[in-house]
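Structure assessment
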Amino acid sequence: MKNETRIFRISKLCRIIALAKADKLEFKLSCKDELLEEQLEAMEKYALVLETRAII
């Protein structure tokens, strides 16, 4: 009975660790996505400035 309980606890702990790692990865990807969006916006604004300069 004790071995079954240990195995259950270890299994449960492994699931918790796996979920925590997945959450951490999702958070990192979300941060990178936000950064890429900000960089894209900045590049688009710069492209508009270059286009405006080319017209003038």
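Our subject is the structure listed above.
The shown structure was predicted, so the numbers you read here are calculated from the model rather than taken from an experiment. (Residues numbered from 1 in each chain as written. Predicted model: local features only at pLDDT ≥ 70, side-chain atom pairs only at ≥ 80, totals over all residues. Heavy atoms only, no water.)

A few points about the overall build of the chain
When helices and strands are tallied, the chain shows one helix and zero strands. Taking the principal axes of the C-alpha coordinates as reference, the chain spans close to 85 × 5 × 5 Å. Here the chain holds 11 positive side-chain charges and 10 negative ones, and the gap between their average locations is 18 Å. (Helix = DSSP H or I, 4+ residues; strand = E, 2+ residues; numbered from the N terminus. Lys, Arg positive; Asp, Glu negative; His and termini not counted. Charge placed at Lys NZ, Arg CZ, Asp CG, Glu CD.)

Focus on the environment of Lys 45
With respect to the secondary-structure elements, Lys 45 resides in helix α1 (residues 2–55). The class of Lys 45 is exposed, set by a relative accessible area of 58%. Residues Lys 45 and Asp 23, 22 residues apart in the sequence, show an inter-C-alpha distance of 33 Å. (Buried < 20%, exposed > 50% of the residue type's maximum accessible area, 1.4 Å probe, protein only.)

Examining a nonpolar patch on the surface
Together, Leu 13, Ile 16 and Ile 17 make up a nonpolar patch on the protein surface, roughly 270 Å² of accessible area in all. You can see Leu 13 is positioned in helix α1. (Patch = residues over 30% accessible without salt bridge, like charges linked within 9 Å, V, L, I, M, F, W, Y side chains within 5 Å. Areas by Shrake-Rupley, 256 points an atom, 1.4 Å probe, with all protein chains shown as cover. Salt bridge = Lys/Arg side-chain N within 4 Å of Asp/Glu carboxyl O.)

Comments concerning a positive patch on the surface
A cluster of like positive charges, contributed by Lys 21, Lys 24, Lys 28 and Lys 32, occupies part of the molecular surface. Relative to the helices and strands, Lys 21 resides in helix α1. Residue classification places Lys 21 among the exposed positions, given a relative accessible area of 59%.

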